Amino acid sequence: MTTTAPANATPSAAPRRAIKPGRVVMYALLILAALFFLVPVYLLFATALKSPDAINLATTWHWPAALNWASFSDAWAKIGGNVLNSLFLAVTATFLSALLGSLNGYALSKWKFRGANTLFALMLFGMFIPYQAVLIPLFQFIKSLGLYGSIWGLILAHVVYGIPITTLIFRNFYADVPDALIEAATIDGAGFWQIYGRVIFPISIPGFVVVIIWQFTQVWNEFLFAATLTNTTSQPVTYALSQLAGGQAVSWNLPMAGAILAALPTLLVYILLGRYFVRGLLAGSVKG
Amino acid sequence: MKGLSKDRLWSIAVLTPSIILIAVFVYGFIARSVYVSMTDWGNDPAQALALDPIIRWVGLANYQELFTGFLQGRFRQELVSTIFFTLFFILGCLGLGLGLALILDRNPKGEGLWRTIFLFPMSLSFIVTGTIWRWMLQPGGGVNQAPTLLGGQPSTFGWLSSTDALWKFDWNKLPLLTASVVGLVLVIMAVRAARSGDRTRTLVAAACAALLFLWALFIGPNIKMLPAPELHGFNLALIGIIIAAVWQMSGYTMALYLAGLRGIPEELREAARVDGANDIGMYQHVIFPLLAPITLSAMIVLGHISLKIFDLVYAMAGPDNINTSVPALNMYLTSFRQNQFALGAAIGTILLILVAFVIVPYLSSQFRTEEGHA
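Chain B is annotated in an unreviewed UniProt entry as Glucose transporter from Deinococcus soli. Within the UniProt record for chain B, the comment given under Subcellular location (unreviewed entry) is "Cell membrane". According to UniProt, the comment filed for chain B under the heading Sequence similarities (unreviewed entry) is "Belongs to the binding-protein-dependent transport system permease family."

See the structure below:
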């Protein structure tokens, strides 16, 4: 990778310059930082692909002499069912949260009423609370509904506690839709639902993408509710992985392969749709 | 579009389910938790899981137990740990995130690729991160073996198992320490108010500081929370967990800072250059002041994540390592393993109060400015 290419005709915003010590230091720092972020990934794969008897603390850094792909099938045998639980959980909860968030965001940004902002702030608080502060009543409530141990109890918790962030993202997204558009539709005789169906919903796709990616990642990765509200038949993959890794008897290639399986869906989403992922990330802290 | 038209009623109807759900699941459950924390539910194991347990009101006894009870030393250490964890976690994320953003802002080649590399851990679960780093930090494992790659001796640091601690202090001195720190902050506020010529503010802050210092001098030393000294400090076993947390979250601060840097208009930098500012001067006088609000946002978001962190610790050090434990983990264990629901609810409430200190001023300031614009 060279930093100077005077013959390179590709147009670029950065002005071309000769090699400066500053640029060299910059790339050195970038490579150093990239190592910090990627070395765990190397060790993850190196360990996952070893056979149990090849795993030895002293040779942690060696790439396996023979690749043991069976780690993945073994790990799948242990946590595959949980991966499917997570998939069902994340897809369902994400779909419901996105729908609720879109309607809430539309109502809050385009049909402002007195106190709408205060109401919204009170809603947002729910996104920051430590869930430990509601965990015991939540557990009792889910149990009294007869949903303890069922994946639907977990879905309910995720949908409810997902309302603030999905509403926030959609509200900020719709705030950029000109009010004149709504007014024009009102003059044409369109009501609340017609405006939503014909004006707002068709332009909401980017908003939905951001919310779906964000909520899917959150629900997939969540641990506290998963550990509290489920039993062995409905446990999502995060809990199963923590049990797999916490057990002393298993060989380390299994939890490592399991970690790859558990990380794959969200990682794929991030790599394919990273731009929208970052937007969701920023929405959580920067108001529009 | 004024008045209570049909459409306006629809908008309220659409919001109602969410409002009710948030009211019950957030505010109702918080109230219920606070109530439970003031009972003795679960303090008697026989009653904990009874179908119709006898629950008595005990007021603040559970809180008193947590802060001064002989058996709850673990919780007090966790409280200290979570403060240190938060401090270093925020510093690490801000430092690394800002550094990476500043480098990426200089338009290196393949910027998108670098950004992807720095940000991908954000998409992982803390459990996945914890599993990976748990393996890397094994006593004879990855990180400790790293020096041998360069021909050195393997390190023997007990990343997750160390029992050493730095900056130990006696828990009995906590009221004194808190009063001194708050007093110091008040003094700084008073000085700043005096400089800006706000006389009432100066007087109030100075008076509060004086009262606190008087209290700390004359009454504070006589308070004995515990019969014997109990030392708590920064456990070295936390370092590994902090590194893993920074690994996962610093990409987030990088994204925030990068968005902020990209938002600084080129004309502003150009103007600074015309005024003869060199690179350092420009960062010092133009860019960093503009990034200050982002730093504040990042601190608040990271701070509340850090206070709530629990899955990472669980995955890295297991539930029973008292040197790395945090209150959020203790709450889960106390409530759902030992079935001491009231005590668990009290820990949850303390966590909520800590987080509220960070979040409530932030939310209210954000919305005050927004209403101002409207």
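Caption draft 1: Just the overall build of chain B, in detail. Broken down by element type, chain B carries 15 helices and two strands. The principal-axis extents of the C-alpha atoms in chain B amount to approximately 75 × 75 × 55 Å. By the burial criterion, 39% of the 374 residues in chain B qualify as buried. When contacts within chain B are restricted to residue pairs at least 6 apart in sequence, those whose partners lie at least 24 apart make up 71%.

Caption draft 2: Up close: the overall build of chain A. Looking only at helices and strands, chain A has twelve helices and zero strands in total. The N-to-C order of helical and strand elements in chain A reads α-α-α-α-α-α-α-α-α-α-α-α. Put simply, of all contacts in chain A between residues at least 6 apart along the chain, 77% involve residues at least 24 apart.

Caption draft 3: Here's a closer look at the interface of chain A and chain B. Taken together, the contacts link 77 residues of chain A with 83 residues of chain B. For the side of chain A that touches chain B, the element with the highest residue contribution is helix 1 (residues 21-48) of chain A, accounting for twelve residues. Class assignment for the residues of the side of chain A that touches chain B results in 58 nonpolar, 18 polar and one charged.

Caption draft 4: The UniProt feature "transmembrane region" (unreviewed entry) in chain B, seen in detail. All names here are of chain B. Look at the UniProt record and you will see "transmembrane region" (unreviewed entry) annotated at residues 12-30, 83-104, 116-136, 174-191, 203-223, 235-259, 286-307 and 341-363. Helix and strand shares over residues 12-30 are 100% and 0% respectively, and the end C-alpha atoms of the span are 25 Å apart. Within residues 341-363, the helical portion is 100% and the strand portion 0%, while the C-alpha atoms at the span's ends are 30 Å from each other.

Caption draft 5: View of the nonpolar core. Val134(A), Leu241(A), Val313(B) and Leu351(B) are the most contacted members of the largest nonpolar core, which totals 177 residues. In terms of residues, this core owes the most to one element, helix 5 (residues 151-175) of chain A, which gives 15 residues. Ala179(B), Leu186(B), Ala190(B) and Ala205(B) belong to the second-largest nonpolar core, a separate cluster that totals six residues.

Caption draft 6: Seen up close, the packing of helix 3 (residues 116-128) of chain A against helix 5 of chain A. Residues and elements named next belong to chain A. Here helix 3 crosses helix 5 at 125°, and the two axes come no closer than 7 Å. In terms of their interaxial angle, helix 3 and helix 5 are classed as oblique. Along this stretch, helix 3 crosses helix 5, giving a crossing that reads as left-handed. Residues Phe120, Met123, Leu124, Gly126 and Met127 of helix 3 lie in contact with helix 5, whose contacting residues are Tyr161, Ile163, Pro164, Ile165, Thr167, Leu168 and Arg171.

Caption draft 7: Quick peek at the packing of helix 12 (residues 274-283) of chain A against helix 10 (residues 238-262) of chain B. It is at 10 Å that the axes of helix 12 of chain A and helix 10 of chain B come closest, and there the two elements cross at 85°. Comparing their axes, helix 10 of chain B and helix 12 of chain A come out roughly perpendicular. Taking contact as the criterion, the partners of Val278(A), Leu281(A) and Leu282(A) in helix 12 of chain A are, on helix 10 of chain B, Tyr252(B), Ala255(B), Leu256(B) and Ala259(B).

Caption draft 8: Region of the structure containing the UniProt feature "domain: ABC transmembrane type-1" (unreviewed entry) in chain B. The UniProt record annotates "domain: ABC transmembrane type-1" (unreviewed entry) at residues 79-362 of chain B. Between the first and last C-alpha atoms of residues 79-362 of chain B the distance is 23 Å; the span itself is 70% helix and 4% strand.

Caption draft 9: Expanded view of helix 5 (residues 111-119) of chain B. Taken residue by residue, helix 5 of chain B has Trp114(B), Ile117(B), Phe118(B) and Leu119(B) as its buried positions. Residues of helix 5 of chain B that are buried in the fold lie against helix 1 of chain A together with helix 4 (73-104) and helix 10 of chain B.

Caption draft 10: Spotlight on the domain arrangement of chain B. Residue and element names in this part refer to chain B. Domain boundaries in chain B define domain 1 (73-164 + 236-374) and domain 2 (168-233). Measuring from the centre of the C-alpha atoms in domain 1 to the corresponding centre in domain 2 gives 28 Å. Counting residues at the interface gives four residues for domain 1, matched by four residues for domain 2.

Caption draft 11: The arrangement of the environment of Arg115(B) in detail. Structurally, the position occupied by Arg115(B) is in helix 5. With 143 residues separating them along the chain, Arg115(B) and Leu258(B) place their C-alpha atoms 9.9 Å apart.

Caption draft 12: Up close: unusual backbone geometry. Residue and element names in this part refer to chain B. Positioned with a positive phi, asparagine 107 is a non-glycine residue whose angle comes to about 55°. One can find asparagine 107 in the loop between helix 4 and helix 5. For asparagine 107, a count of 12 C-beta atoms within 10 Å puts it in the exposed group. Phi at asparagine 339 is positive, roughly 60°, even though this residue is not glycine. Inspection of the secondary structure puts asparagine 339 in the loop between helix 14 (327-336) and helix 15 (341-373). Asparagine 339 sits in the partly exposed class, given 15 other C-beta atoms within 10 Å.

Caption draft 13: Focus on the confidence of the model for chain B. Residue and element names in this part refer to chain B. For chain B, the mean per-residue pLDDT works out to 86, and 97% of the residues sit at or above 70. Averaged pLDDT values over the elements of chain B bottom out at 74 in helix 2 (residues 45-48) and peak at 93 in helix 4. For this predicted complex, the interface confidence comes out at an ipTM of 0.86, alongside a pTM of 0.87.

Caption draft 14: Broad picture of the environment of Ala190(A). All names here are of chain A. Along the polypeptide, alanine 190 turns up in the loop between helix 6 (179-187) and helix 7 (192-200). Here alanine 190 falls in the partly exposed class, since 17 other C-beta atoms lie within 10 Å of it. Sequence-wise, alanine 190 and glycine 105 are 85 residues apart; in three dimensions their C-alpha atoms are separated by 19 Å.

Caption draft 15: Region of interest: the confidence of the model for chain A. Scored by pLDDT, chain A comes out at a mean of 85, with 90% of its residues at no less than 70. For residues 1-14 of chain A, every residue scores under 50 in pLDDT, and the model assigns this stretch nine contacts once sequence neighbours within four places are set aside.

Calculation criteria
- Residues numbered from 1 in each chain as written.
- Chains lettered and ligands numbered in written order.
- Predicted model: local features only at pLDDT ≥ 70, side-chain atom pairs only at ≥ 80, totals over all residues.
- UniProt positions renumbered as here; feature names shortened; annotations may be inferred.
- Helix = DSSP H or I, 4+ residues; strand = E, 2+ residues; numbered from the N terminus.
- Buried ≥ 20, exposed ≤ 12 C-beta atoms within 10 Å, placed from the backbone.
- Contact = placed C-beta atoms within 7 Å.
- Nonpolar A, V, L, I, M, F, W, Y, C, P; charged D, E, K, R; others polar.
- Core = buried A, V, L, I, M, F, W, Y, C linked by C-beta atoms within 7 Å.
- Axes fitted to C-alpha atoms, helices over the stretch in contact; angles between N-to-C directions.
- Parallel < 35°, antiparallel > 145°, perpendicular 65-115°, else oblique.
- Left-handed = near helix turned anticlockwise from the far one by under 90°.
- Domains from an automatic or database assignment.
- pLDDT = per-residue confidence, 0-100.

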